[in-house]
Structures are given as C-alpha cells and as structure tokens.
Amino acid sequence: MTSSTSGNTALNAERRTRDIAELSEAEASGAEAFDLVVIGGGITGVGVALDAASRGLSVVLIERGDLASGTSGWSSKLAHGGLRYLAKLDVPIAWESAVERGHLMSRIAPHLVHPVQMVLPLHTHVGHLDATLIGTGFLAGDALRMLARTPKSLLPRPHRISPAEVRRLAPSTTAAGLRGGLLSWDGQIVDDARLVVTMARTAAAHGAHIITYASATSVESGRVHVTDQLTGEPHAIRAKQIINAAGVWADTLSDDVELAPSKGSHLLVRAESMGNPTAAITAPVPDHFGRFVFAVPWDDGLVMIGLTDDPHDGRIPQRARPDADERTFLLDIINAVLEDPLSPEDVVGSYAGFRPLLKGKADSGADLSRKHALLRDPQTDLLTIVGGKLTAYRRMAEDAVDAAVEAAGLTAKPCRTTTLSLVGAGAPRPRLPEHLIRRYGTDAGVVAAYGADNSALNEPVRDGIPFSGAEIRFAVEHELALTVEDVIDRRTRWGLVDADRDDLAAAVRRHAPELIDATQLPENTHHNQDEG
Ligand SMILES: Cc1cc2nc3c(=O)[nH]c(=O)nc-3n(C[C@H](O)[C@H](O)[C@H](O)COP(=O)(O)OP(=O)(O)OC[C@H]3O[C@@H](n4cnc5c(N)ncnc54)[C@H](O)[C@@H]3O)c2cc1C
C-alpha cells in the first residue's frame, strides 16, 4: 500500500468512517500491508504518525479513546528547556529538551507554543547559597538555549529583578522578606491536547489514517486486532511494523515492557485570586534542591498550580484527580510565597496524569529516568516507544520511525520534522480576533468563517466562558471531536472548571446535536473510568 498525501487537514466522523471502510477493504482484498500501524493517539503516537507519513510511509494510527485522552492531555503544558535535569546534572536530557523546545517554538508550532515569564521570588528563607546555585542553573540553561540556537528575542536571558518588579509580575507574592527575584523564560503550550490534535491533522494531511475510539485488543506478528469502540465491530489491520505508543498503558500490549508510573497533580484557581499574574511563580520545595511548584497563568483567566511526582501502583484511570495530601502539598508550597494564602475554596478545578516512566532504580518517582526507550517484543515484533516527555516527542518519533524502517526494510525519505510546521503555523489573515489566533493560528480564519455565516455562533457559551459555537463546530468538523466530552475536555479546557461543565455540555449539545455522550460508550471504554 502506498502513502497518499491528500493535503486535507479536516478530521471528522465522516472521514473516520471512510478510513475504517478502507481498512476493511484492504483486509478483505488481501491488499499489501500498511507500512506502519501506530497504537496510541497521545503526543508520541501522533508524532510517530506525522514523522512516518511525511517520509512517504503508509500509516494507520488507532487510539482507543479521543486524541490526547491519556497523559498528553493532563500535562503542565510546558515545553521546557530542561532546567530540572540540569539541577540533577543530567546534561544529555537537558540538552535534548533545549533543542526540541527550540524546534517547537521556532518552526513546528510557534502558534501553539509561546514564551512564558517565570519568576522565582527570593525571600529570606531561600539562602544566599541556594539563590546563587539556582541563578547559576538558570545561566547554564540559557547557555543551552544559545547552543540550541533558540534566539533570545524568543526566550530572553534570565536575570535578577527587584522586589517591586517581582510584585508587578506576580502581585500576590508576599512582600515580607522579599529580596528580589530571578526572572527566566520558558515555552508554554497553549493547550497540550490542541497540540496533539493539530499534529494529528497535519499527519492526516500527509496521508495518515487517524482513527479514534478504536482499541487494539491484541497484537501478533504483522497484524493488530482492533475493536471499534463506537460500533463494537472487530477489525484486523496488517502492517509491516506495529508501533506501541500506548504511554503508561504500553505494558498491556507487551510483556517485555515494565513501567513505574508516577502520578502528577495540578490545581486550578481563578487568576484574580492571585492578583492576575503575568508571570508564572516558581516556589521552591523545601529540602529538595531543584524541585519547585509552579503557578502558571493560562490564557483564559485561570492559574495552574503543579506539580506533584509520586509513585503510583495499581490501575491507571483515564481521568484522575489529586488526592487530599496532594492538594495540601501544592497549596502549602505555593502559599509559602503568597501574601494572601489560597484556601481549598479557591480551587475551581483539578486534574492529574501519570508519567510513563520506565522501571529503573527503585527510587522515588521524582528520580526515575525521563529518558525514552525503544523496546522490541521478541514474540510479536511489536516496537514500543515509551518514557520521555512531551517536549521531546519529535525526537522520540524520529528514533521510532528510524528503527521501524530498519527492522522492516521500509523505503522511506529522511526525517524532516524539525522543519515541518503544523497546520495553523504562519501569518494569520489581518483583522482576525486575537483570542482565536492564539488558539488556532491561521485556522482562526476558518473558525471565524462559521460566525460570518451565522453570527449567533460568535456568541460565547456563557458570560465567563469565552468559547463559542463556531469553535464547537470547528471541533466537530475539523478536529475529530466525536463525543460531548471530547469538546469540553480537550477542544477547550473550560471543562476543567467543575462549576462550568454543565453549561458547557449543554452548549455543545445545542450546537452539535450529532455528538454522543461518553456515557453512551461501551462499559469497557477506559473513558468511562474516573478515579474520582
Ligand atoms: C502530570 C504530568 C505533567 C507533565 N507535564 C509535562 C510538561 O509540562 N512538559 C513535558 O514535556 N512533559 C510533561 N509531562 C510528560 C508528558 O506529558 C508525557 O511524557 C507524554 O504526554 C506521554 O505521551 P504518550 O503519547 O507517550 O502517552 P499518552 O498521552 O498517555 O498516550 C497514549 C495513548 O495510548 C492510548 N492507548 C492505550 N492503550 C491502547 C490500546 N490498547 N489501543 C489503542 N490506544 C491505546 C491511550 O488512550 C492514550 O491516549 C507530564 C506528565 C505528567 C504525568
């Protein structure tokens, strides 16, 4: 089977139906096997699909739920330059992060990854030695930025700032004992789920078949068995190489994969409860040099406070939340630098995810390796790509496709993803609404066009929820939203605010009556599982 480049970036229910029919036809007619089947529609899987399709390989990606419904939709949304790894003297990982952050911000997705200012307040409880060491780490991080050729016009050099400047950027910082601060810059992903969906659309434009709500039930050499989660129908797809990008669930597809998942939790508060900061606050975790809790302002009037890092045993739920201890830990650390402490009542939403860490040292989650690895299952030839982090997805994908090409003897062009821009990158048309440009790049024009035809679609869902009917239609017709929850949880992030969920869901049902509720999906779909 050869790869086709349709150039069509619209992913929707009709295209999914056509893609499934094509797979059935290929299986029934005994057509040549696809070059690759990728299992998993998180950042790693869609990265692999894009890398492979853009090299001219024929690719099918199957995801058992929605795109980004695993860890990739629950991250801290930072394309970080690896400061944390520098603190542990893990220079190769820090270097990889700095290089990949540069690719993302400069060429791949400048419309979806923006610079964010990060201020580390220096209160008297941060000793002079610690402050000097942290400052030196920032300078080392900046040296990596320079070596990675990320311009300082994009990520300016870190420097010391006055107490007044700290409080201008982060007004809720307590003035008592404030000696000044360290200001640095990093990459902030507008929305991790949007990055994944946009990458999937770009892969589809290069000919990849992207099929969500399709679960891999078993793998044998050269064939993967799949159940359509919407109809219950079984399918089989033949491929010259099958790639397992199932993240923290990768061990369910191969006995050779051993993971040590670690849970990471976040809280959300309204920006006004922290004085509407324009910079992220970095609060040191006492007695853990190089470990911080961040309070990062999002575009939509929320501030995300994260992150915990705790080993997790047992079942991995698809939707998880911080437990009481994790909430207390996050609030305690951030409150240590705030004038008016946040209370549990200030928390308007929360979420947690699980890092797909490879089993290594029997150590705390915070110390397990963030390296990625390629593992081959001798029984099924399944190639697993796992570990790593969101920022490094491109490099992981390149390594996985290189390995697949070599193992299966595929004919492929060289990797070109360092310079391949995602859909929406580029200069948008003049006079488009700024808030749409920040979320959709040049596709803001396509979203705005819905409202031009029907001005009611420009109305926000509700006062205080700046998400419109036009965006809901775009999610359904271009971004493969198939359930109400796909829209409210992953095509916008307003679903994370508990009090807004019902109004949001009602608006989605009104503007997109063709969508089903996730509760209508079969019981075994992991999307029905909530840790509570
Ligand atoms: C709380 C938290 C915060 C983080 N913050 C950051 C950050 O700010 N920056 C950063 O760079 N990294 C961050 N990371 C790390 C990063 O999020 C992950 O490394 C990355 O998202 C993993 O992506 P993935 O595609 O490998 O896995 P996933 O996103 O989990 O994707 C795997 C997919 O496989 C699907 N799947 C599983 N089994 C099957 C099956 N049988 N059939 C079909 N599909 C299947 C799942 O539904 C899932 O969608 C964070 C991690 C956590 C936990």
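- The chain has the name Glycerol-3-phosphate dehydrogenase in an unreviewed UniProt entry, where Brevibacterium aurantiacum is given as its organism.
- The UniProt entry for the chain carries the following comment under Cofactor (unreviewed entry): "FAD".

### Considering the overall build of the chain
- Tallying secondary structure elements over the chain gives 14 helices and 20 strands in all.
- In terms of its C-alpha atoms, the chain occupies a principal-axis envelope of roughly 75 × 55 × 45 Å.
- Out of the 532 residues in the chain, the part that is buried amounts to 60%.
- Considering only intrachain contacts with a sequence separation of at least 6, the fraction spanning at least 24 residues in the chain is 72%.
- Working note: accessible area of the chain is about 20,600 Å², and carbon and sulfur atoms make up 52% of it.

### Section: the site of the ligand
- Not every one of the 38 residues close to the ligand is listed here, only the nearest: Thr44, Glu63, Ser72, Leu78 and Thr391.
- Within the backbone of Leu390, a nitrogen or oxygen atom sits 3.2 Å from a nitrogen atom of the ligand.
- Considered on its own, the ligand offers 1,000 Å² of accessible surface; in the complex 97% of this is hidden by protein.
- Looking at the shell around the ligand, the elements with two or more residues in it are helix H2 (43–54), strand E8 (214–220), strand E11 (262–270) and strand E16 (347–355).
- Its residues placed into classes, the shell around the ligand shows 14 nonpolar, 19 polar and 5 charged.
- Among the domains, domain 1 (13–72 + 193–257 + 369–408) and domain 2 (103–189 + 262–355) are the pair contributing at least three residues each to the shell around the ligand.

### Looking at the pattern of salt bridges
- Under the defined criterion, the tally for this structure stands at 35 salt bridges.
- Its salt-bridge partner being Arg167, residue Glu339 comes within 2.9 Å of it at the nearest N-O pair. In this pair, Glu339 is assigned in the loop between helix H8 (324–335) and E16 and Arg167 in helix H6 (residues 163–169), connecting sequence segments 172 residues apart.
- Look at Glu339 and you get partly exposed, because its relative accessible area is 39%.
- On the basis of relative accessible area, Arg167 is assigned to the partly exposed category, the value being 32%.
- With its nearest N and O atoms 2.6 Å apart, the salt bridge here joins Arg194 to Glu479. Of this pair, Arg194 sits in helix H7 (residues 192–205) while Glu479 sits in the loop between helix H12 (469–478) and helix H13 (484–491), and the two are 285 residues apart along the sequence.
- By sharing partners, the salt bridges in this structure join Glu27, Glu220, Arg223 and Arg238 into a single network.

### Structural notes on the domain arrangement of the chain
- As assigned here, the chain comprises domain 1 (13–72 + 193–257 + 369–408), domain 2 (103–189 + 262–355) and domain 3 (434–528).
- Once you take the C-alpha centre of each, domain 2 and domain 3 turn out to be 28 Å apart.
- In this assembly, 16 residues from domain 2 lie in contact with 13 residues from domain 3.
- Contact between domain 2 and domain 3 buries roughly 1,200 Å² in total, counting both sides, with carbon and sulfur atoms accounting for 51%.
- Counting the surface domain 2 buries against domain 3, the share from its top three residues, His111, Asp300 and Gln318, is 34%.
- A salt bridge links Arg438 to Asp299; its shortest N-O distance comes to 2.9 Å.
- Mapped by element, the contributors of at least two residues to the side of domain 2 that touches domain 3 are E11 and E16.

### Overview of the UniProt feature "domain: Alpha-glycerophosphate oxidase C-terminal" (unreviewed entry) in the chain
- Within the UniProt annotation, "domain: Alpha-glycerophosphate oxidase C-terminal" (unreviewed entry) is assigned to residues 404–503.
- Counting secondary structure, residues 404–503 comes out at 43% helix and 7% strand; the distance between its end C-alpha atoms is 46 Å.

### Remarks on a nonpolar patch on the surface
- Together, Val91, Trp95 and Leu147 give the surface a local cluster of nonpolar side chains, amounting to about 300 Å² of exposed area.
- With respect to the secondary-structure elements, Trp95 resides in helix H4 (residues 91–108).

### Some details on the nonpolar core
- Judged by nonpolar contacts, the single largest core of 82 residues is most densely connected at Val59, Leu195, Ile210, Ile305 and Ile334.
- Ranked by the residues each element gives to this core, the list is headed by H7, at 8 residues.
- Once residues within four sequence positions are removed from consideration, Ile334 is found in contact with Ile281, Ala283, Val293, Ala295, Ile305 and Leu342.
- In terms of nonpolar packing, the next biggest core, distinct from the first, is built from 42 residues, Met118, Ala448, Trp494 and Ala507 among them.

### Some details on the environment of Glu14
- Position of Glu14 among the secondary structure elements: in helix H1 (residues 13–29).
- Using a relative accessible area of 51% as the deciding quantity, one classes Glu14 as exposed.
- Taking the C-alpha atoms as reference, Glu14 lies 38 Å from Leu358; in sequence the two are 344 residues apart.

### Focus: the confidence of the model for the chain
- Summarising the model, the chain shows a mean pLDDT of 92, and 95% of its residues fall at 70 or more.
- Here residues 1–5 is a poorly scored stretch, pLDDT under 50, and it has 18 contacts once near neighbours within four places are set aside; other chains count.
- This stretch, residues 361–367, has a pLDDT under 50; its non-local contacts, to residues over four places away or in other chains, come to 12 contacts.

Cut-offs applied
- Residues numbered from 1 in each chain as written.
- Predicted model: local features only at pLDDT ≥ 70, side-chain atom pairs only at ≥ 80, totals over all residues.
- Heavy atoms only, no water.
- UniProt positions renumbered as here; feature names shortened; annotations may be inferred.
- Helix = DSSP H or I, 4+ residues; strand = E, 2+ residues; numbered from the N terminus.
- Buried < 20%, exposed > 50% of the residue type's maximum accessible area, 1.4 Å probe, protein only.
- Contact = heavy atoms within 4.5 Å.
- Areas by Shrake-Rupley, 256 points an atom, 1.4 Å probe, with all protein chains shown as cover.
- Near = heavy atom within 4 Å.
- Polar contact = N/O pair within 3.5 Å; in protein donor to acceptor, adjacent residues only side chain to side chain.
- Nonpolar A, V, L, I, M, F, W, Y, C, P; charged D, E, K, R; others polar.
- Domains from an automatic or database assignment.
- Salt bridge = Lys/Arg side-chain N within 4 Å of Asp/Glu carboxyl O.
- Buried area = accessible area lost by both parts, 1.4 Å probe.
- Patch = residues over 30% accessible without salt bridge, like charges linked within 9 Å, V, L, I, M, F, W, Y side chains within 5 Å.
- Core = buried A, V, L, I, M, F, W, Y, C linked by side-chain atoms within 4.5 Å.
- pLDDT = per-residue confidence, 0-100.

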